[in-house]
Amino acid sequence: MRMNQRGSLNTSIPFLKSWRHDLRNRKYFLNNYFSLIICIGMVMITRDYASLRVEPEVHAAAVTFLAALPWLVLLMFRRRRNLLEGPLLTTIVWIGCLVLGKVWLSVNASATQSDQRSKLKTLSRATLEYASDHSETLPIANVWMDAISDRVTERDFTLGKNIFPQRDGYHVAMNSDFSSKATSKINRPEDRILYFISHKADRNANDALHSRIENTVCAKVSGSVTKLGNITSSKP
């Protein structure tokens, strides 16, 4: 009987140690898992920031707040040295989000503007071909897409996919001042904007540059594509 009692007592001590060990490991696991979730959140916010869906100030404040959470949790425990992995990980990711977020944004902006230039160049080339076949006259603004649709693909019209943030619809418009205008009657065609990226999403959108989106590119009457700068007048 004593042997059984001693045996049960002896076996209960390792069990107690094992239980404490499992509880400690569970605490470490939950802390690191919590930190990993926070890191994923910071990366997702940075991704939205790089796509201009989140303002720079909001991005900086959000990732800083998330990075501070594991440190606040750490203050709740006595043995803090054993729980430093999570907070240190979130701090490293926080620094990476702040630094690489700007690089990511710059790369996205460069790729987006490259696509803008490519599509507008295609539209300009098709328009010049149309004018060549129609007595050097530009298309009517109200049907300009329909007029050159047999010379380009539908994808060439969808500039909404190539602006920050991405939008549904076409988002490209023709300068209505040059509707059905003879190219020979346009002074300095290399300075006159024909197509531009617009807030309007509908097909055959056109206006006198009122709906233009800043910090994009535009196509000139001459066929060249350049950065859209300050505009004082679109009148020929």
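In what follows, the structure referred to is the one given above.
Residues numbered from 1 in each chain as written. Predicted model: local features only at pLDDT ≥ 70, side-chain atom pairs only at ≥ 80, totals over all residues. Heavy atoms only, no water.

(A) Representation of the packing of helix α2 (residues 56-74) against helix α3 (residues 85-133) in the model. In contact at an axis separation of 9 Å, α2 and α3 are set at 170 degrees when each is read in the N-to-C sense. Put simply, α2 runs roughly antiparallel to α3. Between α2 and α3, the contacting residues are H59, A60, V63, T64, A67, P70, W71 and L74 on the first element and P87, L88, T90, T91, W94, C97 and L98 on the second. Its residues assigned to classes, the contact of α2 with α3 shows eleven nonpolar, four polar and no charged. (Axes fitted to C-alpha atoms, helices over the stretch in contact; angles between N-to-C directions. Helix = DSSP H or I, 4+ residues; strand = E, 2+ residues; numbered from the N terminus. Parallel < 35°, antiparallel > 145°, perpendicular 65-115°, else oblique. Contact = heavy atoms within 4.5 Å. Nonpolar A, V, L, I, M, F, W, Y, C, P; charged D, E, K, R; others polar.)

(B) The arrangement of the pairing of strand β1 (residues 172-175) in detail. Where β1 meets strand β2 (residues 193-197), three bridges bridge the pair, whose relative direction is antiparallel. For M174, the partnering residue across the bridge sits in β2 and is Y195. The sheet contact formed by β1 and strand β3 (residues 206-207) spans two bridges and is parallel. Counted as the bridge partner of N175 is D207 from β3. (Pairing = 2+ DSSP bridges.)

(C) Molecular detail of α3. For α3, built from 49 residues, the straight-helix expectation of 72 Å at 1.5 Å per residue is met to within 8% by its first-to-last C-alpha distance of 70 Å. The largest bend along α3 reaches roughly 35 degrees and is located at L100. One or two steps after α3, the chain reaches S135, where phi turns positive at roughly 55 degrees. (Expected span 1.5 Å × (residues − 1). Bend = angle between axes of the 7 residues up to and from the residue.)

(D) Seen up close, the nonpolar core. Core analysis: the largest hydrophobic core is formed by 26 residues, its most contacted members being L120, L123, W144, I148, F157, V172 and Y195. For this core, the secondary structure elements donating two or more residues are α3, α4 (144-148), β1, β2 and β4 (217-220). Per-element accounting of this core gives the leading share, four residues, to α3. In this structure, F157 is in contact with L123, W144, M145, I148, S149, V152, Y170 and V172, ignoring residues within four places of it in sequence. (Core = buried A, V, L, I, M, F, W, Y, C linked by side-chain atoms within 4.5 Å. Buried < 20%, exposed > 50% of the residue type's maximum accessible area, 1.4 Å probe, protein only.)

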